[in-house]
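Residue-level structure breakdown
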Amino acid sequence: MNTLIDYYQTLGMSLSLLVIATFLLAGMIKGVIGLGLPTVAMGLLGLAMAPSQAAALLIIPSTLTNLWQLAFGGQLKQLARRLWPMLLMIFIGTGIGTIWIGMSGGHWVVRGLGAALLLYALSGLFLPTLHVDPRHERWLGPLCGLITGIITSATGVFVIPAVPYLQALGLNRDELVQALGLSFTVSTLALAVGLLSHGALGGRELNASLLALIPAMLGMWLGQWLRQRISAVLFKRVFFIGVGVLGAHLLISG
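Cut-offs applied
Residues numbered from 1 in each chain as written. Predicted model: local features only at pLDDT ≥ 70, side-chain atom pairs only at ≥ 80, totals over all residues. Heavy atoms only, no water. UniProt positions renumbered as here; feature names shortened; annotations may be inferred. Core = buried A, V, L, I, M, F, W, Y, C linked by side-chain atoms within 4.5 Å. Buried < 20%, exposed > 50% of the residue type's maximum accessible area, 1.4 Å probe, protein only. Contact = heavy atoms within 4.5 Å. Bend = angle between axes of the 7 residues up to and from the residue. Helix = DSSP H or I, 4+ residues; strand = E, 2+ residues; numbered from the N terminus. pLDDT = per-residue confidence, 0-100. Salt bridge = Lys/Arg side-chain N within 4 Å of Asp/Glu carboxyl O. Phe/Tyr/Trp six-rings, centres within 6.5 Å; stacked < 30°, edge-to-face > 60°. Axes fitted to C-alpha atoms, helices over the stretch in contact; angles between N-to-C directions. Parallel < 35°, antiparallel > 145°, perpendicular 65-115°, else oblique. Left-handed = near helix turned anticlockwise from the far one by under 90°. Nonpolar A, V, L, I, M, F, W, Y, C, P; charged D, E, K, R; others polar.

Per an unreviewed UniProt entry, the protein is named Probable membrane transporter protein, and its organism is Pseudomonas fluorescens. Entered under Subcellular location (unreviewed entry) in the UniProt record, the comment concerning the protein runs "Cell membrane". Regarding the protein, the UniProt comment filed under Sequence similarities (unreviewed entry) reads as follows: "Belongs to the 4-toluene sulfonate uptake permease (TSUP) (TC 2.A.102) family."

What follows concerns the nonpolar core. By size, the foremost hydrophobic cluster in this structure holds 66 residues, and its most contacted members are Phe23, Leu57, Tyr120, Leu166 and Phe239. Discounting residues that sit within four places of it in the chain, phenylalanine 23 has contacts with Leu37, Ala41, Leu45, Leu57, Leu58, Pro61, Ala212, Pro215 and Ala216.

It is worth spelling out helix H5 (residues 76-100) at this point. Along H5, the helix axis deviates most sharply at leucine 83, where the bend reaches about 65°; the proline proline 85 sits within four residues downstream. Among all positions in H5, only Leu79, Leu83, Met86, Leu87, Ile90, Gly93, Thr94, Gly97 and Thr98 are buried.

On to the confidence of the model for the protein, then. For the protein, per-residue confidence averages 84 on the pLDDT scale, and 93% of positions sit at 70 or higher. Per-element mean pLDDT across the protein ranges from 66 in helix H1 (residues 2-11) up to 91 in helix H7 (residues 137-155).

Let us look at the UniProt feature "transmembrane region" (unreviewed entry) in the protein. Taking the UniProt record as the reference, the feature "transmembrane region" (unreviewed entry) is found at residues 12-33, 83-102, 108-127, 139-164, 176-196, 208-226 and 232-252. Its end C-alpha atoms 16 Å apart, residues 139-164 is made of 77% helix and 0% strand. The annotated region residues 232-252 carries 100% helix and 0% strand content, and the separation between its end C-alpha atoms amounts to 30 Å.

This paragraph deals with the pattern of salt bridges. Under the criterion given, the structure shown has two salt bridges. Among the salt bridges present, the one from aspartate 133 reaches arginine 135, with a minimum N-O distance of 2.9 Å.

Here we take up the packing of aromatic side chains. By the definition in use, this model includes two aromatic pairs. For the ring pair tyrosine 120 and phenylalanine 240, a centre distance of 5.3 Å and an interplane angle of 75° mean the geometry is edge-to-face. Placement of tyrosine 120 in helix H6 (residues 107-126) and of phenylalanine 240 in helix H11 (residues 232-253) is noted, with a sequence separation of 120 residues between them. Like phenylalanine 240, tyrosine 120 is buried. Aromatic side chains phenylalanine 158 and phenylalanine 184 sit 5.8 Å apart centroid to centroid with 50° between the ring planes, which places their arrangement in the tilted category. One end of the pair, phenylalanine 158, is in the loop between H7 and helix H8 (162-167); the other, phenylalanine 184, is in helix H9 (residues 173-197), and 26 residues separate them in sequence. The exposure class assigned to phenylalanine 158 is buried, which follows from its relative accessible area of 0%. Its relative accessible area of 2% is what places phenylalanine 184 among the buried residues.

The subject of this paragraph is the packing of helix H4 (residues 51-70) against helix H10 (residues 203-227). Two elements in contact, H4 and H10, have axes separated by 7 Å at closest approach and are oriented at 45°. The angle between the axes of H4 and H10 places the two elements in the oblique class. As H4 packs across H10, the resulting crossing turns out to be right-handed. In this structure, H4 uses Ala56, Leu57, Leu58, Ile59, Ile60, Pro61, Leu64, Thr65 and Trp68 to contact H10, whose residues at the interface are Glu205, Leu206, Ala208, Ser209, Leu210, Ala212, Leu213, Ala216, Met217, Met220 and Gln224. For the contact of H4 with H10, a count of residues per class yields 16 nonpolar, three polar and one charged.

Structure follows, in structure tokens:
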């Protein structure tokens, strides 16, 4: 047990409480709308620690919650067959970005994270629902995957432009939730490989990430309970506004 909490003893009480509260909130948001855990985790933890440190903490919660998400829907094989070019390029793009950019933790990386969050929020609030012609999926999917991978390697956020692209494919609700889980799983695993190659993901970080799974799963349970009692549209709007404010703060303050 001492090995598991050693990382948090190093962080101190204040940062440890921030981690717990962050993953509780991030899990709750994911439970309501099916996404948002890494976005919220990177945004809030990025206020107090280096992006690489924050990204290491989200590896296990993000991986396991996404595996749970993609396990339901019954369309996994069909989606994997349709989306594999994008998924492959997410992995390759993350690798290229890790070598080319890396998550160094400098001020420009924090501002990059803020810009990614702000762009994501603005697209969710103001862009109309887009539609991708099936004829264009062959080239547009891999391009979106490559860009998503590069952004992931630099900021730990893997929603732009993968999420808007998946939303534009005309999938039904269950297929979309499963496709998001598939995309996020690949992105998380690619991010883990990148962090490992830079020495930012070791035994201590994995132990700390494992403990962060507890508030994340509790938050997901609360979110699923909350989803039955409030308007998902209203919650999603509030979520995007909050992410936009957070992103603007990171972009300005660096």
